[in-house]
Every structure is written in structure tokens, then in C-alpha cells.
Amino acid sequence: MKRFASFRNILIAIAFTVFLLFVKDNVDVVWEIICTIAGILTPFVVGFLFAYLLNFPYKFFYTKAFGKMGTKHKIFAKMKKPLALVCTYTLVAAIFVSIILIVFPQLVENLASLVETMPTYYDALMQHVNEFIDWINSVFNAGIEKDNILNNILTEISKIFSMQNITQFAGKTGEAIFGMVLGTASGVYNFVMGIVISVYFLAAKEQLCRIVKRLAVAFIPIKYLPKIYEIVDITDTKCGRFLVGDIIDAAFVGLLTFVAMVILNVPYAPLIAVLIGVTNIIPFFGPFIGAIPSAILLFIINPWDMIKFILIVVVIQQLDGNLFKPKIIGNQVGLSSFWVLFSVILGGALFGLPGFILGTPIFAVIYSLVGKKAKNAINDKGKIAQEALDFEVLNYQKIAEEQKRIREEKENQQREKIKKLIGLNKTDSDKTEDEESDKNENTDKKEEK
């Protein structure tokens, strides 16, 4: 049997090596197959994410709102799940429709006014450039001629808008627009199908979980199941609460930004507030990604508006980082600022935008598992390991003596066990019986004498 097992392992290793060599020689084909499979499974992935996020309001309706339904009449018990599903998707649809009706008209108005006033903004920008050149000439005596700079700028602009460049740009623009249309159509299809699939995921989640558990128990060794269940539980806790809390926090930050910009009379409040709210979902870098282009736009219009906007962003981000986000998310991630930065950079470098968003909760799961493993290992090593963690009382000689004492105790325990096994270690009753027999023998000898 052992020979067969070793031979089978050799065959598996050979087959795996051949597979790796095939992948190495056909990377393009393998990558195309992976992309095709990923494209087919994208609606299911989107549907799973929607179902995962909507599971929280669904559980509220199912357990709280309709929890007592069917206690007296079992006929109504079958209506709990359909009613919970209808209420969940009705609530989400109402929120999205309200946001669209409130924000979308103002976004369209802001974009239209921005396009109409672009020439004015261009003139303002050129005025700022002229004032900057005059300041340099007056302070540093640089002797820069504004006309030459403007002529060079106009020359470069004319080269850019030459017929050849326009033709090439039109061709590339057509290809880009065609690709954008296809991408948009594909995104809309995945979004709509994801919503439909999420309904089936939520409706049959108990059955799907039961199937996954049966497969896990059937094909995974029993000794690994507790660890797998632990990983799934920690992942659900970290990722689920983080994503839901982060979305709520981002919406709250966007709303605060909009209110503050309206109070301080900063232009394009709806457009910038939506941008700030959406980008705030990305940990650490999100506020910068949304604030920088908004600040540039406001600087072109009016530098004073840009200063007011920067003050608004700084105050809101301080309140969000120190007050709102810890309360909303509840410190479920359990990572310091350094590890959040590390996880965001690593996730973004490996997986792009999904890595930026999901890198922090996934890294939090790994961090929690490794920390628990390290804690258990330290506890197994005993008191000396706890003392070694404190560098102020760290004493190598003391550690060596403690280890020697532990080894001696273990050796004595082993020696006692061996003595018991070979019968050399006598009990106290045996010793007293031997002493009494010795005394009796001595008294007998004295009487004989």
C-alpha cells in the first residue's frame, strides 16, 4: 500500500509538472480561457456581492419585522421570505431612485454650466498665468516676455489641432467610443443580471449553504473543517461589516460635504459631493482621489472657493477618521493606520480597483488568523515566553535557567514513569510493610540470642 501511495504521489507530481510546463508555453491561450470564464461568471459574482450586501436588510425584515408572522397560523409562515425579499428590494430601489431624482438633475445642470463657461475659465486661467509671470518678473527680474509664451502656447495648440492630428484623434476616438459603448452595454447587462441573480441567491441561501456544507464535509478531511469554518466566520465578520459600514460612511461623508459646500456657497456642490462620497469608499487614498480634481476645478473658477473646499474636506475627514468611521464600522477591522496603508497599496497593485476596496478587509482576516496563531503559540510556551515579550525584563540567563528547570522536571517525570513500569518505585504502604518486616526479623534474632 505504501509503495502504491508513493507511486501515486510521483504520478501526481509528474502530471502537475507537465501542466505547469503547458501553462508556461501557452500563457496567452490560458489567459484567454481564464478571461472568457471570468466574463461568463461575472454576473454571478456581481449577484453574489449584491446578495451579500442586501443580506443585512433582508435579515432585519425576516427576523425582526416579520419574525412573529406564522406563530399562530402556519399558513402565514410561508409568506415571511417573499415579504422580506420584496421589502428589501423595494427599500433599495427607493433609495436609488431618490438619489437619482435629487442628484442627477443637479449633476446635469452643473456639467452643462461647466461646459458653457469653459471659455470664461480659460480666460481666467490665462489671467492667472499673466499675473504669475508679472510677479516673477517683479520679484526675480526674470525678464520673461508674456507674448512669446502665449505665442508658443497658441503654436502648440495649433499643432495639436492640425488636420493630421484631428484625423488620428477621430479614428482613436471612434475606437474608444465603440469600446466604451461595448463596455457600458456589458456593464449594464452584468448589473441587471446581477440584480436578478441576487434575488435567487437570497431566496435559496439556506439551501445553497447546506449544499456547500455537504460538499465540504464530503470531500475535506474532518480535521481541517474547524479551521475552515473559523476562517469563513472571521471573513464574514470582517468583510461584511466593513463593506456595509464603509458604504454608509461614504454616503454620510458625501452628504456632509454637500451641506457644507451649500452653506459656504461653494459652486458645483452636488457634482463634487457625489465624487467625494464615491471615492471615500476606497480606504486611505479615497479622499485624495476625490478631492484633488475637485480642488483643481475650483481653483480655475475661483482660488478662494478652492481654499474653502480644502478646509471643508480637512475638517470632515478629521471628523470621519476619529468619530464617524469608528462608530459606524465599530472597529471591526482591527488594523492600525500603517497596516491599512499597506493593505491598500498591496491590494491596488495586485488587483486594481477591487484590490483598493477589498484589500483592507481581506488583509484584516489574514492579520487576525496570524495573530491568533501567534498568541496560541506563545501561550503554549508558558510563562517564560510571556516574560520574553517585555524587553525591559528580558534576561537570557534567566531564560536558560528556566528552560533547564523545565527540562529537568520533564526528565524526572519520565524517570518516575519508567520506575513505575519496572516496579522500582514503591508506594508508602509497601515501604512501611518492609520496615515492619525488618523490625520483626530483628526482634526474632534478639529472642534467639
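Please refer to the structure placed before this passage.
Notes on the structure in this doc start here. (Residues numbered from 1 in each chain as written. Predicted model: local features only at pLDDT ≥ 70, side-chain atom pairs only at ≥ 80, totals over all residues. Heavy atoms only, no water.)

Focus on the layout of surface pockets
Size it by volume and the largest pocket reaches roughly 2600 Å³. In terms of lining residues, the largest pocket is bounded by 48 residues, among which L53, F96, I99, I247 and I281 are the most central. Elements represented by at least two residues in the lining of the largest pocket include exactly helix 2 (27–65), helix 3 (80–116), helix 6 (163–203), helix 8 (225–263), helix 9 (269–279) and helix 13 (353–381). With 15 residues, the single largest contributor to the lining of the largest pocket is helix 3. Among the residues forming the lining of the largest pocket, the class breakdown is 42 nonpolar, six polar and no charged. (1 Å grid on protein atoms, 1.4 Å probe; cavity = no way out; pocket = protein on both sides within 12 Å on 5 of 7 lines; lining within 4 Å. Points joined across faces, edges and corners; volume = space filled by probe spheres on them. Helix = DSSP H or I, 4+ residues; strand = E, 2+ residues; numbered from the N terminus. Nonpolar A, V, L, I, M, F, W, Y, C, P; charged D, E, K, R; others polar.)

Observations concerning the nonpolar core
Ranked by size, the top nonpolar core spans 17 residues in total, and within it M261, I272, I276, L298, F309 and I312 carry the most contacts. Those elements that provide at least two residues to this core are helix 8, helix 9, helix 10 (286–301) and helix 11 (303–329). Here this core gets five residues from one element, more than from any other, and that element is helix 11. With near-sequence residues (within four places) excluded, L298 lies in contact with V266, P267, I272, P303, D305, M306 and F309. Counting residues in hydrophobic clusters, the runner-up holds nine residues, among them A51, Y58, A84 and L202. (Core = buried A, V, L, I, M, F, W, Y, C linked by side-chain atoms within 4.5 Å. Buried < 20%, exposed > 50% of the residue type's maximum accessible area, 1.4 Å probe, protein only. Contact = heavy atoms within 4.5 Å.)

Topic: the side chain of K80
On the secondary structure map, K80 appears in helix 3. Sequence-distant contacts of K80, that is, excluding residues within four places in its chain, are made with Y62, F66, G67 and M69.

Some thoughts on unusual backbone geometry
Note: most peptide bonds trans; most residues except glycine with negative phi. Phi at N265 is positive, roughly 60 degrees, even though this residue is not glycine. Following the sequence through the fold, N265 ends up in the loop between helix 8 and helix 9. A residue is classified by how much of its surface remains accessible, and N265, at 62% relative accessible area, is exposed. At Y268, a residue that is not glycine, the phi angle is positive and equals roughly 55 degrees. In this structure Y268 comes out as buried when scored by relative accessible area, which is 9%.

Looking at the packing of aromatic side chains
Using the criterion set out here, one finds eight aromatic pairs in the structure. Here the aromatic rings of F363 and Y367 are separated by 6.4 Å at their centres, their planes lie at 35 degrees, and the arrangement is tilted. Taken as a pair, F363 and Y367 lie in helix 13 at a separation of four residues, close to a single helical turn. Overall, the relative accessible area of 16% leaves F363 in the buried class. You can call Y367 partly exposed: its relative accessible area is 39%. Chaining the aromatic ring pairs together yields one cluster made of F48, Y52, F56 and F201. Lying over the aromatic face of Y62, K80 brings its terminal NZ or CZ to 4.7 Å of the ring centre. (Phe/Tyr/Trp six-rings, centres within 6.5 Å; stacked < 30°, edge-to-face > 60°. Lys NZ or Arg CZ within 6 Å of the ring centre and 35° of its normal.)

Functional significance is not addressed by these values, which are geometric in nature.
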